[in-house]
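The residues making up each chain are set out below.
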Amino acid sequence: MQNLVKRIIGVGVIILVIVLAFKYCEFKKDDDSTIDYNTNLIQEKILNVGKLVVTEGHFSEVITYKNQQKYLMDMISFEKKALIVVNANVTVAYDLHKMKYDIDEKNKTITILNIPKEEIIINPDIQFYDVEQSKLNPFTGDDYNKINKSVKANLAKKIEKSSLKSNAQNRLISELSKILILTNSMGWKLQYNGKTIESDADLSEDLKL
């Protein structure tokens, strides 16, 4: 009788151990599934953010172009000139498809490794007015190339002094903040350059755009 009781207790202990083992495995499986779900959700959000962020602007300027050809020891000269009106559409774009990042599931951390530099595209419409030239000094392809180069250089300076680039950066930060909001809501961290990003202000300062 005593042996029977011991056997029943032994069998009960084995069954209890097996039940607890199954419960533990189920718990681990659910935990892994949660990590996978979180990771997939974050990757999906980053893919949604990963798009072309474009800010557009318009610039205008008026240029007077002059050129002289001199002959006979500069005693005779032939001048050509034109009034040039420039209207340019400018775009500043960040291609976030090129953004590099790392997802650390163990430490629940997203690290931004690289943000692509802005791409500035200038499309000038150049119109010539009051063109004056002579057969000995006509407008040539070289003149148009010089004018186009000069126009783009002047526009680049205007862009640097304007608010177009800062507006583009603000739009970029707005897109990246979507990742920040998601990571915060899920208890993850967002890092860049060894720093933890906790707010939009940190994005502006620490991303060094």
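Per chain, the residues get numbers from 1 upward, laid out in the order the sequence is written. In keeping with the predicted nature of the model, local features appear solely for residues at pLDDT of at least 70, side-chain atom pairs appear and are counted solely at 80 or more, and the whole-chain, interface and lining totals rest on all residues. Calculated side-chain values reflect all of the structure's heavy atoms, with hydrogen atoms and water omitted.

Caption draft 1: The arrangement of the pattern of salt bridges in detail. Each salt bridge in this description consists of a side-chain nitrogen of Lys or Arg and a carboxyl oxygen of Asp or Glu lying within 4 Å of one another. Considering all chains together, one arrives at eight salt bridges under this definition. Residues Lys98 and Glu119 are paired through a salt bridge, measuring 3.2 Å at the closest nitrogen-oxygen approach. Of this pair, Lys98 sits in the loop between β2 (76-95) and β3 (100-104) while Glu119 sits in strand β5 (residues 119-132), and the two are 21 residues apart along the sequence. Going along the chain from the N terminus, every DSSP run of H or I of four or more residues is numbered as a helix, and every run of E of two or more is numbered as a strand.

Caption draft 2: Representation of unusual backbone geometry in the model. Positive phi, close to 50°, is recorded for Lys108, a residue that is not glycine. Following the sequence through the fold, Lys108 ends up in the loop between β3 and β4 (109-114). The phi dihedral of Asn193 is positive, around 55°, even though this residue is not glycine. By the element assignment, Asn193 lies in the loop between β6 (189-192) and β7 (195-197).

Caption draft 3: Expanded view of the environment of Lys117. Residue position: Lys117 is located in the loop between β4 and β5. Each residue is assigned to one of three classes by its accessible area relative to the maximum for its type, calculated with a 1.4 Å probe on protein chains only: buried under 20%, partly exposed between the two thresholds, exposed over 50%. On the basis of relative accessibility, which here comes to 65%, the residue Lys117 falls in the exposed class. A sequence separation of 22 residues divides Lys117 from Asp95, and the C-alpha atoms of the two residues are 8.3 Å apart. Here a residue-residue contact requires only that any non-hydrogen atoms of the pair lie within 4.5 Å. Beyond its immediate sequence surroundings of up to four residues, Lys117 is in contact with Ala93 and Tyr94.

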